[in-house]
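This is what each chain is made of:
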Amino acid sequence: MNNVGPFTFHAAARVDHTTPAYLWQSGAFGAMTDNGAGDLTHNLGADYGIDATEMLPFFAVDGALAASQLTSFGITSASDTAKRVTVLREGAAGAASALTDVNYWMWIFRKVP
C-alpha cells in the first residue's frame, strides 16, 4: 500500500457508466449494479470492505464536460463493501441539473489508524 499523508491507497477504477463496466480497476471491485441514470452501486471484495468513516473518495470526469462544466459526484455507503455513486450534471449552461450517466475515474483512500 502507498501512503499519502494520513491516508493509504485502497481502490481505484475507471468506470464506463453507459455500459456499465470497469475499463480498469484495482482494489477488488466486483459486480456493479445500475440503479438508473447517474446512479451505480460498486461492490468491493470482502477483503476490501471499508467503513464510511475511514473512506476518502475522489472522482474525476473521464471524457468531455457539459457546456457549463458542472458535474457533481456523491457517494454513500450502503455497507462496508457496497458504495453507491450518483452523478449530477447540469444541462446547457444554466439549465436544471439531472442524474446523468457519465464515465468517470474513482479513487478511494483509507484513513490510517
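One can find the structure itself at the top, above this paragraph.
Every value quoted in this text rests on a predicted model; they were computed, and no experiment measured them. (Residues numbered from 1 in each chain as written. Predicted model: local features only at pLDDT ≥ 70, side-chain atom pairs only at ≥ 80, totals over all residues. Heavy atoms only, no water.)

### So, the packing of aromatic side chains
Applying the stated criterion across every chain, the model contains eight aromatic pairs. Between Phe59 and Phe73, the ring centres sit 5.0 Å apart and the planes meet at 5 degrees, which makes this aromatic pair stacked. Linking Phe59 in strand 6 (residues 55-61) with Phe73 in strand 7 (residues 71-77), this pair joins segments that are 14 residues apart in sequence. With 5.4 Å between their ring centres and 65 degrees between their planes, Phe73 and Tyr104 make a pair best called edge-to-face. Here Tyr104 lies in strand 10 (residues 104-111) and Phe73 lies in strand 7, a separation of 31 residues in the sequence. (Phe/Tyr/Trp six-rings, centres within 6.5 Å; stacked < 30°, edge-to-face > 60°. Helix = DSSP H or I, 4+ residues; strand = E, 2+ residues; numbered from the N terminus.)

### Some words on the environment of Val102
Mapped onto the fold, Val102 is located in the loop between strand 9 (97-99) and strand 10. Judged by its relative accessible area of 5%, Val102 is buried. Taking C-alpha positions, Val102 is 18 Å from Asn43, a pair spaced 59 residues apart along the chain. In this view, Val102 contacts His17, Val61, Val87 and Arg89; residues no more than four positions away in its chain are not counted. (Buried < 20%, exposed > 50% of the residue type's maximum accessible area, 1.4 Å probe, protein only. Contact = heavy atoms within 4.5 Å.)

### Here's the deal with the pattern of salt bridges
Applying the stated criterion across every chain yields a total of three salt bridges. The closest approach of N and O atoms between Asp39 and Arg84, which form a salt bridge, is 2.7 Å. Residue Asp39 is located in strand 5 (residues 39-44), and its partner Arg84 is located in strand 8 (residues 82-90); the two are separated by 45 residues in the primary sequence. Judged by relative accessible area, Asp39 falls into the buried class, the value being 8%. Exposure remark for Arg84: the relative accessible area of 35% places this residue in the partly exposed category. With its nearest N and O atoms 3.0 Å apart, the salt bridge here joins Glu54 to Arg110. Of this pair, Glu54 sits in the loop between strand 5 and strand 6 while Arg110 sits in strand 10, and the two are 56 residues apart along the sequence. Since its relative accessible area comes to 28%, Glu54 is described here as partly exposed. (Salt bridge = Lys/Arg side-chain N within 4 Å of Asp/Glu carboxyl O.)

### Regarding the environment of Leu23
With respect to the secondary-structure elements, Leu23 resides in strand 3 (residues 21-26). By relative accessible area, Leu23 is classed as partly exposed at 46%. Along the primary structure Leu23 and Ala13 are separated by ten residues, whereas in three dimensions their C-alpha atoms are 7.6 Å apart. Setting aside residues no more than four positions away along its own chain, Leu23 makes contact with Arg14, Asp16 and Asp62.

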